Amino acid sequence: MLDGLYQEIILDHYKHPHGRGLREPFGGEAHHVNPTCGDEVTLRVAADGATLTDISYDGQGCSISQASASVLHELLNGRSAAEATAVHEAFVTLMQGRGNVTPDEDVLGDGVAFAGVARYPARVKCALLPWMAFKDAAARAGVGISPEVNA
Amino acid sequence: MTSFDVEKVRADFPILDRLVNGHPLVYLDSANTSQKPRQVIDTLREHYELHNGNVSRSVHTLGTEATEAYEAARGTIARFIGAASSDEVVFTKNSTEAINLVAHAFTTRLGPGDEVVVSEMEHHSNLVPWQLLCERTGATLKWFGVTDSGRLDESQPVITERTKIVSVVHMSNILGTVNDVSRIVARAHEVGAAVMLDCSQSVPHFGVDVQQLGADFIAFTGHKMLGPTGIGVLWGRYDLLADLPPFLGGGSMIETVTLERTTYAAPPARFEAGTPPIAEAIALGAAADYLSALGMDAIHAHEQEITAYALGALADVPGVRIFGPATVEGRGGTVSFAVEGVHPHDVGQILDADGVEVRVGHHCARPVCARFGVPAMTRASFYLYTTTGEIDALVRSLHHVRKVFG
């Protein structure tokens, strides 16, 4: 049963995270915690106009939250705000779909590996943690990202 | 070989027969909440099927039966902890409410310059109410630290002439440490401070006698000692309780009410505003009776055996680091640990897939996690129904964890 949760892709991002580490300069930063388990992520967004020139992050937490931050970096770094919004929306929809949403690999890339996480309500918050931090950091950097995240 | 028959005990707990994710349930989360024996479940059902009425106000038969059973449960709890009188037992919703009750009552007694003492080992429920009290009154919060081996650090003179109340945990919910509180109680009383003990983890697991402890107030909760949720206990010395102002106002806690003002009932009624958790209190009495029939000493001896076995077995798993006392001396059956390179959430998830239920996270004791430099811990906690076979299942599943994250 765990195969659905701990996909190789997720474990790989956890063990070898992409883009980890906080970098300067940045336009906005957000620190989010999951108070029930102590997972933390600090995420920075640097933007040039509507382009997300750098997304840097650091954090501590479970494989799901930390791999999710790595995947976020891979998917959104260097993209336009409009593209990031579409990906963000697709990821949130996937995570809130209780396992009934079929992800589009063209949009979500390695993010499709999180489809199994959506079937574990206790872990959905872990996966969404960096995405919520990203939304706040982007807003502080002057880049609006919708939709609302209701985790 | 002791006379304690764990299989016979287990037969009283219906839930222990179920499967979790296709595996026999291995319930190692009793410090979180305990499972319930048939005797407690039956008491709840019998109350609602045969005796349900409101307490302390009805002249009819059902109300009288319910009142008698509710007050009998108070008497049972008083005997269970060695209280001088059942009037010293206040039913609350849980330990948290019991502690908040006392912390709130001290509001008018504290001011700037006064000190409140806790420890670094506290559950948030014995920390936040005192932080709030200090915010309300301008008093200062101080605390005993925790040593590397998970004991209270009593090397510093934390209790001073300015201390008004000391509230510390009797047994840690995260490190398993059982604190010898005798020196703290003596020192507090020497300076005229009141002492409260959070006994949420001790009362369920070994004989606690309030006379012997010497404290002024203790708090514990029903659901960790085989009883239902929604019922807890505040015990206090009668003369001290009689001195405390009410906490919540409402029905049942009054003496005389006019539109202008009210005089209050004597304890314990003064602190039990509104309809109390009647069935829960009665079932808690049944839980105490169940524990007493087995004998708290026998239960404690069984848990010590299980804990010694677990400490040895866990130490043999590569990459496992145990927090808290390394041996059973001065510790109970709650063992927190780290698995190197794997976050507790992931440990708990894989254990659950094997039917092993443990708690992961900061266990509402975040300062303890910070003290040991980790964001979270994995905790296995035992009770009278825990077997060595279940510890073996935990160890097997930890090898599974290491395989997935290897």
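Residues numbered from 1 in each chain as written. Chains lettered and ligands numbered in written order. Predicted model: local features only at pLDDT ≥ 70, side-chain atom pairs only at ≥ 80, totals over all residues. Heavy atoms only, no water.

Chain B is annotated in an unreviewed UniProt entry as cysteine desulfurase of Spirilliplanes yamanashiensis. Quoted verbatim from the Cofactor (unreviewed entry) field of the UniProt record, the comment on chain B reads "pyridoxal 5'-phosphate". Per UniProt, chain B carries the Catalytic activity (unreviewed entry) text "(sulfur carrier)-H + L-cysteine = (sulfur carrier)-SH + L-alanine". (UniProt positions renumbered as here; feature names shortened; annotations may be inferred.)

Chain A carries the name Iron-sulfur cluster assembly scaffold protein NifU in an unreviewed UniProt entry, which gives Spirilliplanes yamanashiensis as its organism.

As a further point, take the overall build of chain B. Each helix and strand in chain B was counted, giving 13 helices and 18 strands. Computed over C-alpha atoms, the radius of gyration of chain B comes to 22 Å, within 12% of the 22 Å expected from 2.2 N^0.38 for 406 residues, which places it in the range of a compact globule. Principal-axis analysis of the C-alpha atoms gives chain B an extent of 70 × 55 × 35 Å. Considering chain B as a whole, with its 406 residues, one finds that 57% of them fall into the buried category. Accessible surface computed for chain B: about 15,900 Å², of which carbon and sulfur atoms make up 53%. Averaged over its 31 positive side-chain charges, chain B has a centre that lies 4 Å from the centre of its 47 negative ones. (Helix = DSSP H or I, 4+ residues; strand = E, 2+ residues; numbered from the N terminus. Rg over C-alpha atoms; globule rule 2.2 N^0.38 Å. Buried < 20%, exposed > 50% of the residue type's maximum accessible area, 1.4 Å probe, protein only. Areas by Shrake-Rupley, 256 points an atom, 1.4 Å probe, with all protein chains shown as cover. Lys, Arg positive; Asp, Glu negative; His and termini not counted. Charge placed at Lys NZ, Arg CZ, Asp CG, Glu CD.)

Turning our attention to the overall build of chain A. Secondary structure assignment for chain A yields five helices and three strands. Reading chain A from its N terminus to its C terminus gives the helix and strand order α-β-β-β-α-α-α-α. Expected size for 151 residues packed as a compact globule is a radius of gyration near 15 Å; at 14 Å, chain A falls within 12% of this value. Across the 151 residues in chain A, those meeting the buried criterion constitute 52%. Summarising the internal contacts of chain A: among those between residues at least 6 apart in sequence, 60% fall at separations of at least 24. Total accessible area computed for chain A in this model is approximately 6,400 Å², and 47% of it derives from carbon and sulfur atoms. Between the averaged position of the 11 positive side-chain charges in chain A and that of its 19 negative side-chain charges there is a distance of 7 Å. (Contact = heavy atoms within 4.5 Å.)

B:F91, B:I218 and B:L384 are the most contacted members of the largest nonpolar core, which has 78 residues in total. Among the elements that line this core, the one with the most residues is helix α9 (residues 278-294) of chain B, at ten residues. Three or more residues apiece are contributed to this core by two domains, here domain 1 (6-30 + 295-404) and domain 2 (41-293) of chain B. Beyond its immediate stretch of four places on either side in the chain, B:I218 contacts B:I81, B:M196, B:L197, B:C199, B:V203, B:V210, B:L213, B:V233, B:L234 and B:W235. Listed in part, the 77 residues of the second largest apolar core include A:Y14, A:A81, A:I145 and B:V317. (Core = buried A, V, L, I, M, F, W, Y, C linked by side-chain atoms within 4.5 Å. Domains from an automatic or database assignment.)

What follows concerns the UniProt feature "domain: NIF system FeS cluster assembly NifU N-terminal" (unreviewed entry) in chain A. The UniProt entry lists residues 6-126 of chain A under the feature "domain: NIF system FeS cluster assembly NifU N-terminal" (unreviewed entry), expressed in the numbering used here. Taken end to end, residues 6-126 of chain A is 39% helix and 22% strand, and its two terminal C-alpha atoms sit 13 Å from one another.

Attention now goes to the UniProt feature "domain: Aminotransferase class V" (unreviewed entry) in chain B. UniProt records the feature "domain: Aminotransferase class V" (unreviewed entry) for residues 26-394 of chain B in the present numbering. Between the C-alpha atoms that bound residues 26-394 of chain B the distance is 8 Å, and the span itself is 36% helix and 19% strand.

Residue and element names in this part refer to chain B. Judged by how many residues are buried, strand β9 (residues 194-198) sits mostly within the fold: five of five residues are covered. With burial as the criterion, each face of β9 is covered, one bearing A194, M196 and D198 and the other bearing V195 and L197. Taken together, the five bridges between strand β8 (residues 163-169) and β9 define a ladder with parallel strand orientation. Across the sheet, residue I165 finds its bridge partner in β9, namely A194. For the crossover from β8 across helix α6 (residues 182-190) to β9, the handedness is right-handed. Here β9 pairs with strand β10 (residues 217-221) via three bridges, running parallel. When the sheet's bridge partners are listed, L197 is paired in β10 with I218. (Pairing = 2+ DSSP bridges. Right-handed = clockwise from strand over helix to strand, strands pointing away.)

Now for helix α13 (residues 388-404) of chain B. Taking 1.5 Å per residue as the helical rise, α13(B) with its 17 residues ought to reach 24 Å, and the 25 Å between its terminal C-alpha atoms agrees with that figure. Taken as a whole, α13(B) has its buried residues at B:E390, B:I391, B:A393, B:L394, B:V395, B:S397, B:L398 and B:V401. (Expected span 1.5 Å × (residues − 1).)

With mixed pairing, the eight strands of this open sheet are ordered in space as β4-β11-β10-β9-β8-β5-β6-β7 (chain B). Looking at strand neighbours, the two that pair on one side only are β4 (89-92) and β7 (152-153) of chain B, the edges of this open sheet.

Averaged over every residue, the pLDDT of chain A is 90; residues scoring 70 or more account for 95%. When mean pLDDT is taken per element in chain A, helix α2 (residues 63-76) of chain A scores highest with 96 and helix α4 (residues 105-108) of chain A scores lowest with 92. (pLDDT = per-residue confidence, 0-100.)

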